[in-house]
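Chain residues, written in single-letter form:
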Amino acid sequence: MTATVGERNLILLGAPGAGKGTQAQKLAVRFGIPQISTGDMLRAARREGTPLGKKAEEYMNKGQLVPDEVVIGLVEERLQLPDAKPGFILDGFPRTIPQAQALDGVLQKLGRAKLKVVDVQVPEATLVERLGGRLSCPKDGASYHVKFTPPKSDNLCDSCGTALITRADDKPEAITQRLREYHDKTAPLAGYYQTSGVLRAVDGVGELEVVLDRLVRALGEQ
Ligand code: AP5
Ligand code: MG
């Protein structure tokens with residue numbers, strides 16, 4: 001298989017609360033490619049009560065990473081669906097070096113174009129504030145914030161009207177654990193992608209549209 005012309009294979013790296021999901025949704029619309037969020041996929045499996053969802057739940061509620069083999073299998077299948085042929089935006093994957101290595105292997109096997117990776121950088125105090133006030137749509141995964149980015153009508157998703165919820169892992173103990181997991185296991189990915197020359201860093205603090213413009217520019221430069 002060969003790469004599709006103009007294919008955009010993008011990764012948003014960044015800590016919990018960096019705005020990966022928020023911006024991935026916007027980039028998906030802008031570029032006409034799917035957002036692939038392993039967090040959203042795992043939450044859907046948990047809601048459906050599948051064996052995978054039940055296994056993932058124990059880890060997710062505590063703010064721990066789900067075992068690599070579980071998420072790698074999910075992503076490998078998802079990347080082969082027809083809508084991902086012109087490209088994709090991965091949000092929340094890879095999260096560990098073994099996941100990044102597995103992704104490289106899958107893309108090579110599928111004959112896909114080179115990755116472009118952006119690291120969305122946000123100071124820790126801002127991350128904690130964002131996660132502590134987040135409201136999430138259980139249906140389409142959209143994120144809002146009680147103070148920074150509130151929904152247009154009280155507690156309802158702007159795009160699908162579903163009642164918004166607070167995620168089980170947005171409790172203070174789980175937030176602390178997620179940030180710890182990020183520093184231990186995910187932050188090293190910046191070095192991994194820097195070595196292959198595909199990484200750009202972007203400041204994730206600012207108005208949503210301002211951050212979006214920075215991301216589009218950073219992705220265009222690569
Ligand atoms: P996942 O769903 O990926 O969660 P996360 O990494 O903890 O990231 P978040 O979704 O919390 O943050 P985000 O960067 O998407 O921020 P958002 O846009 O919502 O993973 C959840 C769990 O699933 C993991 O803990 C793990 O257990 C498991 N899992 C998932 N993937 C895995 C993998 N690959 N391997 C192993 N386990 C995996 O924004 C946050 C808030 O900030 C919102 O309120 C938003 O409105 C607000 N906001 C966003 N941008 C701005 C801005 N510019 N200004 C002001 N506020 C903003
Ligand atoms: Mg997210």
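Everything that follows concerns the structure shown earlier in this document.
1. What to know about the overall build of the protein chain
The helix and strand inventory of the protein chain stands at 9 helices and 7 strands. With the principal axes as the frame, the protein chain shows a C-alpha extent of 45 × 40 × 35 Å. Counting all 222 residues of the protein chain, 46% fall into the buried class. Counted over contacts in the protein chain with a minimum sequence separation of 6, partners at least 24 positions apart contribute 69%. Just so you have it, the protein chain exposes about 10,900 Å², and 54% of that area is on carbon and sulfur atoms.

2. A few points about the nonpolar core
Membership of the largest hydrophobic core comes to 28 residues, with the highest contact counts inside it found for L103 and Y193. Per-element accounting of this core gives the leading share, 6 residues, to helix α4 (residues 68-79). Leaving out residues up to four positions away in the same chain, L103 has contacts with I11, L79, L90, F93, P94, L115 and Y193.

3. What about the site of ligand 1?
Surrounding ligand 1, one finds 35 residues, the nearest of these being T22, Q64, R134, S143 and R178. Taking R95, its side chain carries an N or O atom lying 2.8 Å from an oxygen atom of ligand 1. Within the side chain of S143, one N or O atom sits 2.6 Å away from an oxygen atom of ligand 1. Relative to its unbound accessible surface of 1,000 Å², ligand 1 loses 96% to contact with the protein. For the shell around ligand 1, the secondary structure elements donating two or more residues are α1 (20-31), α2 (38-48), α6 (124-132) and β6 (143-145). Top element by residues in the shell around ligand 1 is α2. It accounts for 4 residues. Among the residues forming the shell around ligand 1, the class breakdown is 13 nonpolar, 14 polar and 8 charged.

Reading the values: the criteria
- Each chain carries its own residue numbering, running from 1 in the direction its sequence is written.
- Chain letters start at A and ligand numbers start at 1, both assigned in the order the entries are written.
- Residue-level local features of this predicted model are given only where pLDDT is at least 70; pairs of side-chain atoms are given and counted only at 80 or more, and the full residue set underlies all totals for whole chains, interfaces and linings.
- Hydrogens and water molecules were not included; the side-chain quantities draw on all heavy atoms of the structure.
- Labels follow the DSSP assignment, with helices taken as runs of H or I lasting at least four residues and strands as runs of E lasting at least two, numbered in each case from the N terminus.
- Throughout, exposure labels follow a simple rule: accessible area from a 1.4 Å probe, protein chains only, divided by the maximum for the residue type, with under 20% read as buried, over 50% as exposed, and the rest as partly exposed.
- Every residue pair with non-hydrogen atoms within 4.5 Å of one another is taken to be in contact.
- Every accessible area reported is derived by Shrake-Rupley at a probe size of 1.4 Å, with residue values counting cover from the shown protein chains alone.
- Only buried residues count toward a nonpolar core, which is a set of Ala, Val, Leu, Ile, Met, Phe, Trp, Tyr and Cys residues joined through side-chain atoms within 4.5 Å.
- For this purpose, a residue is taken to be near a molecule or strand whenever a single non-hydrogen atom of the residue falls within 4 Å of it.
- Residues adjacent in sequence count toward polar contacts only when both atoms are side-chain atoms; beyond that, a polar contact is any pair of N or O atoms within 3.5 Å, and within protein one must be able to donate a hydrogen and the other to accept it.
- Residue type decides the class: Asp, Glu, Lys and Arg count as charged, Ala, Val, Leu, Ile, Met, Phe, Trp, Tyr, Cys and Pro as nonpolar, and the leftover types, Gly among them, as polar.

Taken by themselves, the reported measurements are silent on function.
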